[in-house]
Amino acid sequence: MKRPRRERRTAPKLYEQLVTEGYTGPYSPVQCFVRGLKRVGAGSGETFIPLHFAAGDALQFDWSEERGVLGSIEQKVEVAHFRLCHSRKPFAVAYPGEAQEMVLDAFARALFFYGGVPRRVIIDNPKNDGDLCLALEGPDIPSSVPGLDDPLRNGTGGLHPGRTGP
């Protein structure tokens, strides 16, 4: 969808902005740069940025609200969703609410399921999980748990035979 002409980022507008930010060069290189961007289709909205994550690098976390039938009664449940960024392996667990105890329990179960601790956790909407963000970023939190991080780091990230849940 094309923007109205007044709202478009044109070469003269870009040049003006660059000059206000300290650019002292001529207009023609800016004009050539913009022309090149148009030629390759930049700004068309069809940009694809491939994401690459190393094994054990990151874990994504988010909550969703679902409706479920428990004991023949329809109820609202909160579902904690986890996904390893490298393997895209999912894990989900449902709770009756979104209290901090449930968030921490969900993390304990997910980390056990994946067999280790990732280097970082990506939280979709951290304003609801502020206390958890502070806990995960604390200086005393180890980057890995000895004996648990190998399956996660090598990309297999799964349950081990003979283990039971947390």
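This text follows the structure it describes.
Predicted model only: the values in this text are computed from it and were never measured.

Q: I'd love a proper account of the side chain of Glu78, names of residues and values included.
A: Within the element layout of this structure, Glu78 appears in strand β2 (residues 73-84). When near neighbours in sequence (up to four residues on either side) are disregarded, Glu78 contacts Trp63, Ser64, Glu65, Val93, Ala94, Tyr95, Gly97 and Glu98.

Q: Before we move on, could you go through the sheet that holds strand β4 (residues 120-123) and cite the residues and values that matter?
A: Spatial ordering of the open sheet is given by β3-β2-β1-β4, a layout of four strands whose pairing is mixed. Two strands close off the open sheet at either side, each with one partner strand: β3 (90-95) and β4. If you compare each strand with its neighbour and ignore which way they point, the axes differ by 30 degrees on average. Where helix α3 (residues 100-114) meets the sheet, its contacts fall on β1 (58-70), β2, β3 and β4, and the angle it forms with β3 comes to roughly 150 degrees.

Q: Kindly report on the nonpolar core, identifying the contributing residues and their values.
A: Core analysis: the largest hydrophobic core is formed by 16 residues, its most contacted members being Phe61, Ala80, Phe82, Phe91 and Tyr114. If you list the elements that add at least two residues to this core, you get β1, β2, β3 and α3. Top element by residues in this core is α3. It accounts for six residues. Every residue in contact with Phe82, bar those within four places of it in the chain, is listed here: Leu59, Gln60, Phe61, Lys89, Pro90, Phe91, Ala106, Phe107, Ala110 and Tyr114.

Q: How would you explain the pairing of β3 if you had to name every residue and give the values?
A: Going residue by residue along β3, you find Phe91, Val93 and Tyr95 tucked away on one face and Pro90, Ala92 and Ala94 left uncovered on the opposite face. Pairing between β2 and β3: six bridges, direction antiparallel. Bridging from a neighbouring strand, Arg83 pairs with Pro90 of β3. The loop that links β2 with its antiparallel partner β3 comprises five residues; one of these, Arg88, has a positive phi angle of about 65 degrees.

Q: Account for α3, with residues named and values stated.
A: An ideal rise of 1.5 Å per residue puts 21 Å on 15 residues; α3 measures up with 21 Å between its terminal C-alpha atoms. Within the sequence span of α3, burial applies to Val103, Ala106, Phe107, Ala110, Phe113 and Tyr114. Down the axis, α3 shows its buried residues gathered within 130 degrees of arc, on one side only. Once α3 finishes, Gly115 follows within two positions and takes phi at roughly 80 degrees, a positive value.

Q: How would you sum up the packing of aromatic side chains? Please name residues and give values.
A: One pass over the structure, following the stated rule, counts eleven aromatic pairs. Seen from their ring centres, Phe91 and Tyr114 are 6.4 Å apart, and the 70 degrees between their planes marks the pair as edge-to-face. Note that Phe91 is positioned in strand β3 and Tyr114 in helix α3, a separation of 23 residues in sequence. Comparing Phe91 with Tyr114 shows no difference in burial state: the two are buried.

Q: Summarise a positive patch on the surface; cite the residues concerned and give the values.
A: Together, Arg5, Arg6, Arg9, Lys13, Arg35, Lys38 and Arg39 make up a region of like positive charge exposed at the surface. In this fold, Arg9 is placed in the segment before α1 (11-20).

Q: Residues and numbers for the pattern of salt bridges, please.
A: Close approach of charged atoms allows side chains with opposite charge to pair. On inspection of all chains with the given rule, the structure shows five salt bridges. A salt bridge links Asp57 to Arg120, with the nearest nitrogen and oxygen atoms 3.1 Å apart. Separated by 63 residues along the polypeptide, Asp57 in the loop between α2 (27-39) and β1 and Arg120 in strand β4 bring together distant segments of the chain. The partner of Glu78 in a salt bridge is Lys76, and the shortest N-O contact between them spans 3.9 Å.

Criteria and cut-off values
- Residues numbered from 1 in each chain as written.
- Predicted model: local features only at pLDDT ≥ 70, side-chain atom pairs only at ≥ 80, totals over all residues.
- Heavy atoms only, no water.
- Helix = DSSP H or I, 4+ residues; strand = E, 2+ residues; numbered from the N terminus.
- Contact = heavy atoms within 4.5 Å.
- Pairing = 2+ DSSP bridges.
- Axes fitted to C-alpha atoms, helices over the stretch in contact; angles between N-to-C directions.
- Core = buried A, V, L, I, M, F, W, Y, C linked by side-chain atoms within 4.5 Å.
- Buried < 20%, exposed > 50% of the residue type's maximum accessible area, 1.4 Å probe, protein only.
- Expected span 1.5 Å × (residues − 1).
- Arc of directions from axis to C-beta.
- Phe/Tyr/Trp six-rings, centres within 6.5 Å; stacked < 30°, edge-to-face > 60°.
- Patch = residues over 30% accessible without salt bridge, like charges linked within 9 Å, V, L, I, M, F, W, Y side chains within 5 Å.
- Areas by Shrake-Rupley, 256 points an atom, 1.4 Å probe, with all protein chains shown as cover.
- Salt bridge = Lys/Arg side-chain N within 4 Å of Asp/Glu carboxyl O.
- Lys, Arg positive; Asp, Glu negative; His and termini not counted.
- Charge placed at Lys NZ, Arg CZ, Asp CG, Glu CD.

Fair warning: the whole summary comes from geometry, so function is off the table for now.
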